[in-house]
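Coordinate analysis (summary)
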Amino acid sequence: MLAIQGGTVHSGGGDVWENATVLIKKGKILAVGADVEVPEGAKVMDASGRHVFPGLIDADSRLLVDPSAYGTGGTSVTLDIVDALDAYRLRVVEDAWAQGVTAVGVAPQGGGMFHGTEAVLKLRAGAAERVLASGGRIQMLTDSSARATSRLKGLRSLEKELKATSEYIDSWDEYEEKLEEYTKELEKLRKKEEAAEGEEDGGDKKGKKGRGDKDKKDKKDGEPPKPDEKGEEEKEEKDEEEEKEEDKSPSFFQRVADEFADRRPARGGPPPKKDEGDKKDGDKKDGDKKEEEEKGPEKPKKPQRNANRDVLRKALEGDLAVRARVHGAADILNILAIQENYPLRLTLSGCAEAHRVADEIKEAGVPVILTVSPTDPENREAAAVLAEHGIDFALSTPGGSAAETRFLSMCAAAAVAGGLSKEDALAAVTSRAAAILGVSDRIGSLAPGKDADVVIASGAPFAASAKVERVLVDGEVVYGE
Amino acid sequence: MSMKPALSRWRKPALMFALLLVVPLVASPLAAGGGSKKLGGPVIAIRAGTVLTGTSADAPDGYVVIRNGRIEGLGVAEAPDGAWIVDAPDGTLCPGLIDPVTSLGAADDLSEPARALTPRARASESLHAEHSGFRKAAEGGVTLVGLSPTSDNLIGGRVSAVHTSGGDARASTALASGPLRLSLTRQAFPYARTPTSRMGALPMLHESLAGDLKDAGALLVEANSADEIRLAIGLPDAPTRGLTLLRPYDADELLDIVRDSGATAVLGPYGLSTSTRRLRLAKALRDHNVEIAFTGSGNPRALRLAAALAMREGLSEKDAIAAVTSVPARILGLQDQVGLLQPGKRADLVVFDGHPLDLSSSVQLCLVGGFPVHVADDE
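Since this is a predicted model, take the numbers as computed values, not measurements. (Residues numbered from 1 in each chain as written. Chains lettered and ligands numbered in written order. Predicted model: local features only at pLDDT ≥ 70, side-chain atom pairs only at ≥ 80, totals over all residues. Heavy atoms only, no water.)

On a plain count of helices and strands, chain A comes out with 15 helices and 16 strands. Out of the 481 residues in chain A, the part that is buried amounts to 54%. Expressed as a percentage of contacts within chain A between residues at least 6 apart in sequence, the contacts between residues at least 24 apart total 69%. Summed over its atoms, the accessible surface of chain A is roughly 21400 Å², and 48% of this surface lies on carbon and sulfur atoms. (Helix = DSSP H or I, 4+ residues; strand = E, 2+ residues; numbered from the N terminus. Buried < 20%, exposed > 50% of the residue type's maximum accessible area, 1.4 Å probe, protein only. Contact = heavy atoms within 4.5 Å. Areas by Shrake-Rupley, 256 points an atom, 1.4 Å probe, with all protein chains shown as cover.)

Here's what the structure looks like:
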């Protein structure tokens, strides 16, 4: 057990206690406050005359990410930034600790309309497992150049993609509905056949076999599947392989069971297992109608799987959050307009000129990760305006390079110069940042039950002369003696 | 920027700062011509919670009184009759910040690309005194800047010291012929003009400095790498002239040599991604008794950021303040006029609502030559 005693403790959530104690046990905070009793045997860390606050969190950082994660490319929303982490950049981690930063939000960038999922990293010692959360939020409009050259075009293709995804969802819903009907019809037919064949001898067996034969034949003279309007990747070879497999096991029940298995859209989207639906659809025109009528109902056409749209589907259905990188008031309004039509769980980041459209942001109820640069006056005032409007926001470094993250407190200080209160500024780089990143159950405030990520500094969080003396992560001293 | 007669409300209500107008305004500061040549203006008495004089002496309690554009006295018990009284119990009063190397207010290029040596050029010839950058600088607490030729010439010409009061060019130019700006970086000998190499450049430079420019005074030399720094220190009479090294990034490799040369260093601008090594250079130089100044390239926030970042990497508060006030004043040759809060000095003063190098502080009042050029607005 460890007690940090005697300091001015900032909870990160707005509370400040003079001459207070932070009690830590097994890497978690046990108690915080001015009247916390220190149990006997606890190790005492003297913090008198010091300020104690939660480890700072840069909600939009490049720390520990291999620069290759920021390449350009098409929409590839199935990517995960965790795959691009470089755990061994220990030097930047030490630099970050030295300025009080203990966690970062990292997100892929530069992938056009949509890009992969972000992660929250805790800056633990060594190259230990650092991912605190991942996979919860995809990136939208990450490629500023695409927008800068033609913002209209960029937004139009964004809407187009969302529309296509909506249609994709509809087509799958429709397919699944029809498939259910079809299965029921087949079942009926089977019973009827059974009843009929029951009169003859061993009819059941024969019926099954007959159907298998038919399938075989259908496939051979079936048309190739119609290419999707966008020509999306469809793995023909794989299909054929699977067809062969199917030919070997043409059991009717097996086939129905497979169809149902196919209906489960998993994360990232399952690869298309078989394409029988398409083939059958083609067959129908081939003059098999008679047989169809005799044999049973028309099998519905199965839409093509698209891995990107399977992910976007989750975003549209609210299972995945979306972070949009916006640069300027007009950009923000355009994104909010899109959100009106497509119910995305949106977070805005970057957000230059956010103060000019604060009313609209407030109305949309969208949280903001605001980038503040200490040298550019623009967003300094934005933070104060967002606070006045009661908008949920975090502050982040400009994010041009991994090295910027360590000076997050400078960015927060600049926001204070723009009119934000000091405790609000601290909250925006601790508790609010954690909440917007979805990790507030673990980090971002000095409160019982939270991880003991604690900074002890010689002065108030944003004072020029304040020096970080000690940093604890999970209750262990990682910086300072 | 305008002075409003009713200044009872402030942007931050919690702020205990209050500027009380005891006498009506004589005229708007700009109309009165807030320049160096024409000092004057109202009698002002400022009392601030913290006063940073920049000298070894602490400021005695009481008012800092300003008359005729100069500091008349410190620790004055009673404000003179009829003076404007500025009471800022939570504020910090300090000398106006000085950025020694900028292109602020340049109406035209600050180099003459056709020739490598243009010692007669003066940056003030390119000055556009009404440039809006001066207002922004004053709003950020910068009261004087060095308008400097660029590093495109071996000898670029004279740095001019310009007040940020704006308006009349002649009035705002404190010193037209400041230090001579030189460059030893690759940029100074392009292939399109003679000399095209350092081998060709050095004899020309030495000849010129030992000949026509023997008495040209102080030098401001851009020298980034260790070899460039050595060359700068080896220029004719460099130590006796007064040598300032601009951005001597590798100086940490030859700290003793720089110390022995008596050179001063100008560092910056720094950004958030500036390497820790560069940020630590300020402290390393001070530890070797080398005077340092910072530049923000004319952006007052960048100037304060440079000092604040260096403080994060160990520079003392006192050295950091000096690096944006008294040291740059000396580099520009105006140490008798500005850079310290002392009786007789020009009233280039700033009141911040916190510590000047806390990026969370803002400028509440900025006086240039005794005239308020920026008063924080209530909106």
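Here the focus is the confidence of the model for chain A. All names here are of chain A. Residues at a pLDDT of 70 or more form 76% of chain A, whose mean pLDDT is 82. Here residues 203-247 is a poorly scored stretch, pLDDT under 50, and it has 59 contacts once near neighbours within four places are set aside; other chains count. Confidence over residues 265-290 falls short of pLDDT 50; this stretch has 64 contacts with residues more than four positions distant or in other chains. (pLDDT = per-residue confidence, 0-100.)

All names here are of chain B. Strand order in this open sheet of 6 strands is β8-β11-β12-β13-β14-β15, and the pairing throughout is mixed. Because the sheet does not close on itself, it has two edges, and the strands there are β8 (155-158) and β15 (292-294). This sheet shows a mean twist of 20 degrees between the axes of neighbouring strands, independent of strand direction. As judged from the 3 bridges shared by β8 and strand β11 (residues 180-183), these two strands associate in the antiparallel manner. Across the sheet, residue Arg 158 finds its bridge partner in β11, namely Leu 180. (Pairing = 2+ DSSP bridges. Axes fitted to C-alpha atoms, helices over the stretch in contact; angles between N-to-C directions.)

Another point: the environment of Glu 378 of chain A. All names here are of chain A. Mapped onto the elements, Glu 378 comes out in helix α12 (residues 378-388). For Glu 378, a relative accessible area of 26% corresponds to the partly exposed category. C-alpha of Glu 378 to C-alpha of Ile 456: the two residues are 78 residues apart in sequence and 31 Å apart in space. Apart from residues no more than four positions distant in its own chain, Glu 378 is found in contact with Glu 353, His 355 and Arg 356.

The next thing to look at is the side chain of Gln 99 of chain A. Tracing the chain through its elements places Gln 99 of chain A in the loop between α1 (90-98) and β7 (101-106). With relative accessibility at 6%, the residue Gln 99 of chain A sits in the buried group. In contact with Gln 99 of chain A, other than residues within four places in its own chain, are Leu 56, Arg 406, Phe 407 and Val 468 of chain A together with Arg 312 and Glu 313 of chain B.

Enumeration according to the criterion identifies 3 aromatic pairs over all chains in this entry. Ring centres 6.4 Å apart and planes at 70 degrees place the aromatic pair Tyr 168 of chain A and Trp 172 of chain A in the edge-to-face group. With Tyr 168 of chain A and Trp 172 of chain A both in helix α3 (residues 151-199) and 4 residues apart, the pair spans about one turn of that helix. Here the two residues Tyr 168 of chain A and Trp 172 of chain A agree in accessibility, since each one is buried. Judged by centre distance (6.1 Å) and plane angle (65 degrees), the ring pair of Tyr 270 of chain B and Phe 294 of chain B falls under edge-to-face. In this pair, Tyr 270 of chain B is assigned in the loop between β14 (264-267) and α7 (276-287) and Phe 294 of chain B in strand β15, connecting sequence segments 24 residues apart. Accessibility classification places Tyr 270 of chain B together with Phe 294 of chain B in one group, the buried group. Chaining the aromatic ring pairs together yields one cluster made of Tyr 168, Trp 172 and Tyr 175 of chain A. Directly above the aromatic system of Trp 172 of chain A lies the positively charged group of Arg 305 of chain A, at a separation of 3.6 Å from the ring centroid. For the cation-ring pair, Arg 186 of chain B lies above Tyr 191 of chain B, with the distance from its terminal atom to the ring centre recorded as 5.1 Å. (Phe/Tyr/Trp six-rings, centres within 6.5 Å; stacked < 30°, edge-to-face > 60°. Lys NZ or Arg CZ within 6 Å of the ring centre and 35° of its normal.)

Turning to the environment of Asp 250 of chain B, a few remarks are in order. Residue and element names in this part refer to chain B. In this fold, Asp 250 is placed in the loop between β13 (243-246) and α6 (255-261). For Asp 250, a relative accessible area of 18% translates into the label buried. Each C-alpha atom, one on Asp 250 and one on Leu 357, is 26 Å from the other, the two residues being 107 residues apart in sequence. Sequence-distant contacts of Asp 250, defined by excluding residues within four places in its chain, comprise Asn 224, Ser 225, Ala 226, Ile 229 and Arg 277.

Applying the stated criterion across every chain, the model contains 0 disulfides over all chains. Considering cysteine sulfurs only, Cys 411 of chain A is the nearest to Cys 351 of chain A, which forms no disulfide, with 15 Å between them. (Disulfide = S-S within 2.5 Å.)

This part covers the pattern of salt bridges. All names here are of chain A. Considering all chains together, one arrives at 45 salt bridges over all chains under this definition. A salt bridge links Asp 60 to Arg 323; the nearest nitrogen and oxygen atoms lie 3.5 Å apart. With Asp 60 in strand β6 (residues 56-61) and Arg 323 in strand β10 (residues 321-327), the pair connects residues that are 263 residues apart, well separated along the chain. What makes Asp 60 buried here is its relative accessible area of 4%. (Salt bridge = Lys/Arg side-chain N within 4 Å of Asp/Glu carboxyl O.)

Attention shifts here to the sheet that holds strand β6 (residues 97-102) of chain B. Backbone hydrogen bonds hold the strands of a sheet together, and the pairing may be parallel or antiparallel. Residues and elements named next belong to chain B. In spatial order, the strands read β6-β7-β9-β10; together these 4 strands make up an open sheet with mixed pairing. The sheet terminates laterally at β6 and β10 (173-175), the two strands that pair on one side only. Geometrically, the sheet is characterised by an average inter-axis angle of 25 degrees between neighbouring strands, direction not taken into account. Where strand β7 (residues 142-147) meets strand β9 (residues 160-163), 4 bridges bridge the pair, whose relative direction is antiparallel. Residue pairing across strands places Leu 147 opposite Ser 160, the latter belonging to β9. Along the sheet, helix α8 (residues 300-312) makes contact with β6 and β7, crossing β6 at roughly 100 degrees.

Contacts between the two partners involve 29 residues from chain A and, on the opposite side, 23 residues from chain B. Surface buried jointly by chain A and chain B totals about 2200 Å² across both partners, of which 53% is contributed by carbon and sulfur atoms. Considering only the surface of chain A that becomes buried against chain B, Thr 375, Met 410 and Ala 464 of chain A emerge as the three largest contributors, covering 27% of it. Counting the contacts that link chain A with chain B gives 0 salt bridges. Summed over the shared surface of chain A and chain B, the number is 11 residue pairs in polar contact (both at pLDDT 80 or more). Put simply, the parts of the chain that give the side of chain A that touches chain B at least two residues each are α1 and α13 (408-417) of chain A. Of the residues forming the side of chain A that touches chain B, the biggest block, 7 residues, is contributed by α13 of chain A. Looking at the side of chain A that touches chain B residue by residue, the class counts come to 16 nonpolar, 6 polar and 7 charged. (Buried area = accessible area lost by both parts, 1.4 Å probe. Polar contact = N/O pair within 3.5 Å; in protein donor to acceptor, adjacent residues only side chain to side chain. Nonpolar A, V, L, I, M, F, W, Y, C, P; charged D, E, K, R; others polar.)

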